[in-house]
Amino acid sequence: MAEPLYVPVLPVRQQARMAYEDVRPDIQAAIAPLWNLPPCPGTPASGLTKARWQRELNKVRGAHRRHPGWLDAPFAEEVQVPALAEILSECTGLSRLLRPVTGPERGMAQQSAALGTAHRYGCGVGIRVGVSGEWDGRTTEAVGQLLGRAAPDVPVDLLLDLGSVLPGRPDAGKEALRALDALRPLTTWRTAAVLGGSFPRATDDMLELGELHEEPRADWHMWSEVQASGRDYLSRLTYGDYGVQSVTALAQVQGGGGPPWGLLRYTTDDWFVLCKVLNGGPDRTASVRAAARRFRDLPEFRGASASAGETWLRDCADGPLASSKGTGQVMDWLRAGNVQHMTYVVRSLR
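Residues numbered from 1 in each chain as written. Predicted model: local features only at pLDDT ≥ 70, side-chain atom pairs only at ≥ 80, totals over all residues. Heavy atoms only, no water.

J.: Can you walk me through helix 1 (residues 14-22) in this structure?
T.: An α-helical segment advances 3.6 residues per turn. Residues three or four places apart therefore align on the same side. Of all the positions in helix 1, only Gln15, Ala16, Arg17, Ala19 and Tyr20 are classed as buried. Residues of helix 1 that are buried in the fold lie against strand 1 (6-11), helix 2 (25-28), strand 2 (34-36), helix 3 (53-63) and helix 11 (330-349). (Buried < 20%, exposed > 50% of the residue type's maximum accessible area, 1.4 Å probe, protein only. Helix = DSSP H or I, 4+ residues; strand = E, 2+ residues; numbered from the N terminus. Contact = heavy atoms within 4.5 Å.)

J.: Would you mind going over the pairing of strand 10 (residues 261-267) with me for this structure?
T.: In summary, the side chains of a regular strand alternate between the two faces of the sheet. Within strand 10, 7 of the 7 residues are buried, which leaves the element mostly enclosed by the surrounding structure. As defined by bridge partners, strand 10 adjoins strand 11 (residues 271-278) across 7 bridges and the pair is classed as antiparallel. Looking at strand 11, one finds that Leu263 is bridged to Lys276. A loop of 3 residues connects strand 10 with strand 11, the two strands running antiparallel in sequence. (Pairing = 2+ DSSP bridges.)

J.: Explain the sheet that holds strand 11 here, please?
T.: Strand pairing in a sheet is mediated by backbone hydrogen bonds. Such pairs are either parallel or antiparallel. In space, the 3 strands of this open sheet follow the order 8-11-10, with antiparallel pairing throughout. On the outer flanks of this sheet lie strand 8 (212-216) and strand 10, each paired with one strand and no other. Along the sheet, successive strands turn relative to each other by an average axial angle of 30°, direction set aside. Across the sheet, helix 9 (residues 284-296) touches strand 8, strand 10 and strand 11, and the angle it forms with strand 11 is around 160°. Strands strand 10 and strand 11 of the sheet are contacted by helix 11, whose axis makes an angle of about 15° with strand 10. (Axes fitted to C-alpha atoms, helices over the stretch in contact; angles between N-to-C directions.)

J.: How should I be thinking about the nonpolar core in this particular structure?
T.: In terms of nonpolar packing, the biggest core is built from 67 residues, with Trp35, Trp53, Leu160, Leu162, Val194 and Leu237 touching the most fellow members. Once you skip the residues sitting within four places of it in the chain, Leu237 turns out to touch Leu180, Ala192, Val194, Trp223, Val226 and Gln227. One finds Tyr266, Val288, Phe295 and Leu298 within the second-largest nonpolar core, a separate group that totals 17 residues. (Core = buried A, V, L, I, M, F, W, Y, C linked by side-chain atoms within 4.5 Å.)

J.: Mind showing me how you'd approach the packing of aromatic side chains here?
T.: Aromatic ring pairs are reported here in terms of the distance separating the ring centres and the angle at which the planes meet. For the coordinates displayed, the defined rule picks out 7 aromatic pairs. When the centroid spacing of 5.5 Å and the interplanar angle of 35° are considered together, the rings of Tyr266 and Phe301 count as tilted. Remark: Phe301 occurs in the loop between helix 9 and helix 10 (308-318) and Tyr266 occurs in strand 10; sequence separation between them is 35 residues. Each of the two residues, Tyr266 as well as Phe301, counts as buried. These aromatic residues form a ring-pair network of at least three members: Tyr6, Trp220, Trp223 and Tyr239. Looking at Arg217, its charged tip hangs above the ring of Phe272, at a distance of 5.9 Å from the centre. A cation over a ring is seen here: Lys276 above Trp261, with NZ or CZ 4.9 Å from the ring centre. (Phe/Tyr/Trp six-rings, centres within 6.5 Å; stacked < 30°, edge-to-face > 60°. Lys NZ or Arg CZ within 6 Å of the ring centre and 35° of its normal.)

The following block contains the structure:
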């Protein structure tokens, strides 16, 4: 199985699944997403089969008819682990393309379930290792013990997850290299990916309505530092990120209302470009179309044919002020943002 060029960390939600389906076939072939079930705080194990994400999980599974990915439940509560393990095992067994995920900090029951599923279906398992700050050398031993419990014929994937990689974390590249230097020799990894999220969590006072705002792509700068290190394993290292949402978005509980504004997003070489728009009221249509025009008029705008994300921005910018048709909702803005982002990342990596 070919190494993926890119591992986007995505939630099992409609906008992310539609973005994955909307990228062109050659781009999708280069992508292996790490899908994450949302948290279900306080939900008993018996209630998980009726969770709101179940229908979307089935659609994510259906989207993986040709290309692989991973499926994780990082927010599972201890009492939910057996039921979630059964749900994820069923998803894996149907196509063998969605691989289970575990990690050194997970409980023994979750680790055993993931390793057992990987062995039963021959699909392999993702080992997700978090590095939220400085690399802790004790993690090497914990990962080694976890690998020792895997059957010899089970392929293993290293998902080195740095979490948020914002400008305030200048040593992220060095910590990634320390972790890789320690973990790479432990086994023959089928895939080794470095994951980081650099999109900030937007707050009400962070942006001016209608004004373009640039945030550095700190995770991409971290990746460039890793690539410049001269390590002998770089040719088999895969890049990953959290798309155009912050790392904290994965932990959001579904449901509830949002703020009266939303964001349009665009990715350039060095920046995430954001624009805050109204999400209600009589000026909403004008606000969204004006923001789309600002993106379309950027010197870095890649043209409407670059991806479905750029096409959406062009069409929204050119639409009539008398009609809100084509201005979308929060879900559409996220979908368009992720489509253009994933497409651009793959082309940049190529």
